[in-house]
Amino acid sequence: MDMLIIRGGIPLAGNVRLAGAKNASLPIMAASIAVSGLSQLRRVPHLADVSTLTQVLESLGAVVTRDLSTGELTITPPHATTGIADYDLVRRMRASVCVLGPLLARWGKAVVSLPGGCNIGHRPIDLHLKGLVALGARIRIERGYVHAEATRLHGAEIYLGGPFGSTVTGTANIMTAASLARGITRISAAACEPEIVDLGNYLNAAGARITGHGTPVIEIEGVDELHGVEHEVIPDRIEAGTMMIAAAATCGDVLIEDAQPRHLSAVIDILRQIGVTIEPSSTNDGRTGLHVSGAAHLNPADCTALPYPGVPTDLQAQLTALLCLVPGISVITDKVFPDRFMHVPELLRMGAQIRREGASAIIAGPAHLSGTNVMASDLRASAALVIAALAAEGESVIRRVYHLDRGYEKHDEKLRQLGAQIQRTTDHPEALPESLRMTGESTMEQHKIEEISSRFTPPFQNQPTKPHFLSDGYSIARPMVSQSDDSSGPVVDL
Ligand SMILES: CC(=O)N[C@H]1[C@@H](OP(=O)(O)OP(=O)(O)OC[C@H]2O[C@@H](n3ccc(=O)[nH]c3=O)[C@H](O)[C@@H]2O)O[C@H](CO)[C@@H](O)[C@@H]1O
Ligand SMILES: C=C(OP(=O)(O)O)C(=O)O
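What you are looking at is a predicted structure, and each value in this text was computed from that prediction instead of being measured.

Novice: Tell me about the sheet that holds strand S12 (residues 209–211), residues and numbers included.
Specialist: One open sheet holds the four strands; their spatial order is S10-S11-S13-S12, and the pairing between them is mixed. Looking at which strands have only one partner, the edges of the open sheet turn out to be strand S10 (157–159) and S12. Adjacent strand axes in the sheet meet at a mean angle of 15°, parallel and antiparallel pairs treated alike. Here S12 pairs with strand S13 (residues 217–221) via three bridges, running antiparallel. By the bridge assignment for S13, Arg209 is matched with Glu221.

Right, here's the structure in full:
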């Protein structure tokens with residue numbers, strides 16, 4: 001298993017180019033199974049998740065070839081398929097569930113393993129199933145698999161709102177399935193994410209008739225067949241946001257090539273509130289992007305992760321890492337995945353001062369982060385730990401970086417090009433600097449205990465370093481905190 005060794009304290013500087021979006025590539029690749037001809041996809045990122053979905057498609061009878069030098073991926077759909085997406089593949093990546101709608105629409109049958117547990121919280125697929133049933137599918141759950149059947153799907157009115165907003169991959173599944181249904185489908189409370197727009201554009205280029213993608217109401221007039229298509233995947237806005245936050249956390253100066261400001265308005269807005277300078281820019285060879293410069297003085301923030309166009313939940317952990325460095329009290333709330341805080345116990349190990357309050361993290365800064373051993377628990381938590389390590393004093397070791405490799409193309413290489421001291425090595429004690437060799441491996445169980453205990457013991461009271469609580473931003477969080485029903489008492493005692 002690989003791990004990263006990072007020496008912090010170096011401002012990032014230079015240019016970095018974004019990969020294609022993971023969360024657009026995956027549903028587009030899955031939708032290719034509903035297309036009768038070849039799908040030639042450009043700018044598909046080289047990621048573990050893309051390899052996993054490739055295996056899912058191959059197990060369904062598709063032929064997938066990829067040119068690593070150009071990022072081009074070609075998918076020839078199957079002539080016939082079992083329609084079975086096996087647990088061993090689906091458990092590795094939830095987005096495998098995106099084959100459900102395309103399989104059902106094109107082949108009349110899908111047997112797809114239920115995705116199972118996830119470190120970022122409860123992730124049911126009830127809305128996906130509700131939408132497919134409305135399109136005429138017969139669905140039963142048996143031995144952990146969704147069995148779906150239909151002779152020909154038909155158009156329907158579908159409301160996709162759930163307790164936490166819409167569903168992104170659910171919208172992808174229904175939009176793709178409805179493209180081959182008989183008649184008109186209207187999805188309301190559809191997800192508006194740019195990745196849904198990209199999928200809609202891919203399907204339209206293949207002959208689908210979709211309008212309104214990118215708004216909460218999508219209309220789809222079903223067609224009999226989708227034909228071969230060429231498509232270039234949009235740049236990854238989450239990679240863009242991660243690099244922007246890394247630049248801010250290290251007080252760096254970075255040009256993020258191909259970043260699309262219109263996909264990042266909420267992120268740009270919150271970072272500007274924090275005090276980061278962000279300007280549209282372009283390179284000598286005419287590529288557009290965003291120029292991000294950190295500042296020595298940053299302001300605390302009150303930030304909520306929401307469905308698009310809000311601040312993405314996929315950047316909540318990275319923003320949490322940044323806000324640890326900011327003087328004053330910041331609050332970050334996740335309304336999409338209210339339990340997505342596995343990064344918090346690891347940030348505490350680095351010296352952060354954070355308390356969980358339900359779906360929020362209350363952050364007292366500035367923390368003097370110091371390098372240590374930490375463990376990645378999921379994709380974006382890994383990115384947050386990398387950011388914290390880049391800003392920390394001394395050396396950090398981040399284990400289980402296979403989570404990072406699921407969703408970031410050559411992340412460590414790109415950071416190295418920006419001047420970061422970051423080294424990838426295999427996880428064995430001799431590879432570590434002496435100071436970071438552990439006597440006992442930190443386990444996920446330990447992390448859970450720490451996380452649970454952190455809900456009851458304000459970490460603020462046990463910090464070895466003296467925090468600077470009484471700064472400008474203090475009043476932002478005070479009313480929210482003092483209303484807390486946490487028995488440990490309000491933060492104001494600090
Ligand atoms: C491959 C991909 O694109 N993954 C993204 C996608 O995941 P994914 O599509 O799985 O996330 P959803 O948009 O479905 O989930 C949003 C919320 O709705 C809830 N929900 C979802 C489906 C459902 O049937 N019922 C239900 O209640 C979820 O538990 C969650 O609280 O969107 C998330 C939210 O932007 C991102 O964090 C993920 O990176
Ligand atoms: C949660 C994510 O991905 P997935 O939905 O594939 O788990 C993510 O990209 O942050």
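Novice: Let's hear about the pairing of strand S4 (residues 63–67): which residues, and what values?
Specialist: Regular strands place their side chains on alternate faces of the sheet. Note that S4 and strand S5 (residues 72–76) share five bridges and pair antiparallel. Paired with Arg66 across the two strands is Leu73, which belongs to S5. Hairpin connection between S4 and S5: a loop of four residues separates the two successive antiparallel strands, and Gly71 in this loop has a positive phi of roughly 80°.

Novice: Describe the sheet that holds strand S7 (residues 109–113), and please don't skip the residues or the numbers.
Specialist: Strand order in the open sheet formed by four strands is S6-S7-S9-S8, and the pairing between neighbours is mixed. Looking at the sheet topology across the chains shown, the edges are occupied by strand S6 (84–85) and strand S8 (138–142). For S7 and strand S9 (residues 145–149), the ladder comprises five bridges, and the chain directions are antiparallel. The residue bridging Lys109 from the neighbouring strand is Glu149, located in S9. Helix-sheet contacts for helix H4 (residues 100–107) involve S7 and S9, and the interaxial angle to S7 is about 160°.

Novice: An account of the site of ligand 2 is requested, with residue identities and associated values reported.
Specialist: Taken together, Asn23, Met93, Arg94, Ala95, Ile120, Asp314, Leu379, Arg380 and Gly407 make up the full set of residues near ligand 2. Here the shell around ligand 2 is built from residues that sort into four nonpolar, two polar and three charged. Looking at which domains feed residues into the shell around ligand 2, each of domain 1 (2–8 + 301–493) and domain 2 (22–232) gives three or more.

What counts, and where the lines are drawn
- Residues numbered from 1 in each chain as written.
- Chains lettered and ligands numbered in written order.
- Predicted model: local features only at pLDDT ≥ 70, side-chain atom pairs only at ≥ 80, totals over all residues.
- Pairing = 2+ DSSP bridges.
- Helix = DSSP H or I, 4+ residues; strand = E, 2+ residues; numbered from the N terminus.
- Axes fitted to C-alpha atoms, helices over the stretch in contact; angles between N-to-C directions.
- Contact = placed C-beta atoms within 7 Å.
- Near = placed C-beta within 6 Å.
- Nonpolar A, V, L, I, M, F, W, Y, C, P; charged D, E, K, R; others polar.
- Domains from an automatic or database assignment.

Note that every value here comes from positions in space, so none of it alone points to a role or purpose.
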